Amino acid sequence: MPVPQSIATPPHVEPTWPGDAECRRTNAIHFFPPAHFERKDEKDLREGQARSLCRACPVQRACLEYSLAVQEPHGIWGGLNELERRRELRRRAALAATA
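Residues numbered from 1 in each chain as written. Predicted model: local features only at pLDDT ≥ 70, side-chain atom pairs only at ≥ 80, totals over all residues. Heavy atoms only, no water.

A.B. asks: Give a description of the packing of aromatic side chains that names residues and reports values.
C.D. replies: Applying the stated criterion across every chain, the model contains two aromatic pairs. Ring centres of W17 and Y66 lie 5.6 Å apart, and the angle between their planes is 65°; on these two criteria the pair is classed as edge-to-face. Of this pair, W17 sits in the segment before α1 (40-55) while Y66 is found in helix α2 (residues 60-69), placing the two residues 49 residues apart along the sequence. Residue class for Y66 comes out partly exposed when judged on its relative accessible area of 22%. Taken together, the aromatic side chains of W17, Y66 and W77 make up a single cluster linked through ring pairs. (Phe/Tyr/Trp six-rings, centres within 6.5 Å; stacked < 30°, edge-to-face > 60°. Helix = DSSP H or I, 4+ residues; strand = E, 2+ residues; numbered from the N terminus. Buried < 20%, exposed > 50% of the residue type's maximum accessible area, 1.4 Å probe, protein only.)

Below, the structure is given as structure tokens:
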């Protein structure tokens with residue numbers, strides 16, 4: 001599924017939606033792993049807190065679409081972690097291949 005032009009931003013143009021993102025209003029520590037080793041239960045808690053903020057975010061969809069368009073390799077974006085975004089990209093590629 002192609003990214004709608006209103007959401008996707010060409011690489012040379014700075015997107016405007018980040019200023020409205022919930023993660024900009026709160027500590028971004030929940031959205032990215034710490035520099036030290038993180039146990040699974042700690043990761044699950046951190047990601048759960050980030051997802052909770054994403055659910056309330058007015059630009060969640062734009063954030064997710066942007067992260068997919070640029071293939072962001074780190075953190076929680078639009079409510080999905082790295083693995084989930086890779087799966088979503090594969091799912092969309094498979095749909096496009098059958099269309």
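Further notes follow.
A.B. asks: Before we move on, could you go through the side chain of N81 and cite the residues and values that matter?
C.D. replies: Looking at the secondary structure, you find N81 in the loop between α2 and α3 (82-98). Side-chain polar atoms of N81 contact the backbone nitrogen of L83, separated by 3.1 Å. With sequence-adjacent residues up to four places away left out, N81 is seen in contact with E47, R51, G75 and I76. (Polar contact = N/O pair within 3.5 Å; in protein donor to acceptor, adjacent residues only side chain to side chain. Contact = heavy atoms within 4.5 Å.)

A.B. asks: I'd love a proper account of the pattern of salt bridges, names of residues and values included.
C.D. replies: Two side chains carrying opposite charge are able to pair once their charged atoms lie near each other. This structure, assessed with the given rule, holds 12 salt bridges. For E42, the salt bridge is made with R39, and the minimal N-O distance between the two is 3.6 Å. On the accessibility criterion, E42 (33% relative accessible area) is partly exposed. For R39, a relative accessible area of 45% gives the class partly exposed. A salt bridge links E84 to R51; the nearest nitrogen and oxygen atoms lie 2.9 Å apart. With E84 in helix α3 and R51 in helix α1, this pair connects stretches of sequence that are 33 residues apart. By sharing partners, the salt bridges in this structure join R61, E65, E88, R91 and R92 into a single network. (Salt bridge = Lys/Arg side-chain N within 4 Å of Asp/Glu carboxyl O.)

By themselves, these observations are geometric and do not establish any function.
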